[in-house]
Amino acid sequence: MYEHILTATDGSDHATRAATHAIDVAARYGATLHALYVIETRTAYDNAIVNPDEVRENFREIGEEALAAIETRAQDAGVQLRTALEEGVPGEQILAYIDAHDIDTVYIGERGHSSFKTVLLGSTTERVLHGTDIPVTIV
């Protein structure tokens with residue numbers, strides 16, 4: 001039923017749970033799992049206080065750790081995995097990845113590491129949900 005499944009991660013608990021579901025479905029259907037982490041580039045910093053390159057490198061490390069955790073779990077489940085670490089606006093990058101890799105379905109967390117805890121659905125999740133016509137499972 002599915003050949004290519006995408007899980008987008010930011011390392012949050014919601015994203016981790018979404019990845020777990022994606023791994024289970026990929027194992028069930030013998031699908032290739034794609035795991036994507038996007039380094040957010042829209043955030044503005046006061047360069048006198050924060051070094052943007054250092055922040056980007058910190059995000060890169062978080063992304064690599066999140067992808068490595070998915071890789072370990074996918075290997076344990078016998079799931080073929082492709083990982084990608086991109087930079088940009090997360091919702092836009094996820095949608096571009098979907099198109100570029102013929103993704104059949106997406107598993108994504110309800111919300112991520114946003115400081116806006118009162119938002120019912122994260123902005124990236126909402127962007128992906130309304131930006132594609134493939135099935136999107138929100139965990």
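Notes on the structure in this doc start here. Only a predicted model underlies this, so the values are computations on that prediction, with no experimental measurement involved. Counting of residues starts from 1 at the beginning of each chain's written sequence and follows it residue by residue. A pLDDT threshold of at least 70 governs which residues receive local features in this predicted model, and a stricter bar of 80 or more applies before side-chain atom pairs are shown or counted, although totals over entire chains, interfaces and linings include all residues. Processing note: side-chain calculations cover all non-hydrogen atoms of the structure and skip hydrogens and water entirely.

### Digging into the overall build of the chain
(1) Moving on: Numbering of helices and strands runs from the N terminus, with a helix taken as a DSSP run of H or I at least four residues long and a strand as a DSSP run of E at least two residues long. Scanning the chain for helices and strands turns up 4 helices and 5 strands.
(2) Moving on: Helices and strands in the chain line up, N terminus first, as β-α-β-α-β-α-β-α-β.
(3) Moving on: Under the scheme applied here, a residue whose accessible area is under 20% of the maximum for its type counts as buried, over 50% as exposed, and between as partly exposed, the area being computed with a 1.4 Å probe on protein chains only. Looking at the 139 residues of the chain, the share that counts as buried comes to 39%.
(4) Moving on: Here, two residues are considered to be in contact whenever any of their heavy atoms come within 4.5 Å of each other. Relative to all contacts within the chain whose residues are 6 or more apart in sequence, the contacts with residues 24 or more apart total 76%.
(5) Moving on: Note that accessible areas follow from Shrake-Rupley with a 1.4 Å probe, and for residues the cover is restricted to the protein chains shown. Carbon and sulfur atoms make up 47% of the accessible area of the chain, which amounts to about 7,700 Å² in all.

### Looking at the sheet that holds strand E4 (residues 105–108)
(1) Moving on: Should DSSP find at least two bridges between two strands, the strands are taken to pair. As summarised here, the arrangement of the 5 strands in space is E3-E2-E1-E4-E5, forming an open sheet in which the pairing is parallel. Unpaired on one side and paired on the other, strand E3 (81–88) and strand E5 (136–138) mark the two borders of the sheet. The sheet shows a mean angle of 20° between the axes of neighbouring strands, direction not considered.
(2) Moving on: Bridging between strand E1 (residues 4–9) and E4 involves 4 bridges; their strand directions are parallel. Residue pairing for E4: Ala8 is matched across the bridge by Ile108. In this description, a line fitted to the C-alpha atoms serves as the axis of each element, helices being fitted only across the stretch in contact, and the angle between N-to-C directions of two axes falls anywhere from 0 to 180 degrees.

### Focus: the pairing of E4
(1) Moving on: Of the two faces of E4, the one lined by Thr105 and Tyr107 and the one lined by Val106 and Ile108 are each fully buried.
(2) Moving on: Note that E4 and E5 share 3 bridges and pair parallel. Across the sheet, the residue bridging to Val106 is Val136, located in E5.

### Concerning the side chain of Thr9
(1) Moving on: Looking at the secondary structure, you find Thr9 in strand E1.
(2) Moving on: Residue classification places Thr9 among the buried residues on the basis of a relative accessible area of 8%.
(3) Moving on: Contacts described as polar in this section are N or O atom pairs within 3.5 Å, which, within protein, must combine one atom able to donate a hydrogen with one able to accept it, while residues neighboring in sequence count only if both atoms come from side chains. One polar contact links the side chain of Thr9 to the main-chain amide nitrogen of Gly11, over a distance of 3.0 Å.
(4) Moving on: Ignoring any residue separated from it by four or fewer positions in sequence, one finds Thr9 in contact with Ala15, Leu36, Tyr37, Val38, Ala66, Leu67 and Ile70.

### Focus on the nonpolar core
Side chains of a nonpolar character, in soluble globular proteins, are inclined to be buried together.
(1) Moving on: We call a set of buried Ala, Val, Leu, Ile, Met, Phe, Trp, Tyr and Cys residues a nonpolar core when their side-chain atoms join them within 4.5 Å. Counting 18 residues, the largest nonpolar core has Ile5, Ala26, Leu33, Ile70, Val79 and Tyr107 as the members making the most contacts within it.
(2) Moving on: Among the secondary structure elements, those contributing two or more residues to this core are helix H1 (13–29), strand E2 (32–40) and helix H2 (52–76).
(3) Moving on: At 6 residues, the largest contribution of residues to this core is made by H1.
(4) Moving on: What Ala26 contacts, discounting residues up to four positions off in sequence, is Ile5, Ala31, Leu33 and Val79.
(5) Moving on: Ala84, Ile103, Ile108 and Ile134 belong to the second-largest nonpolar core, a separate cluster that totals 15 residues.

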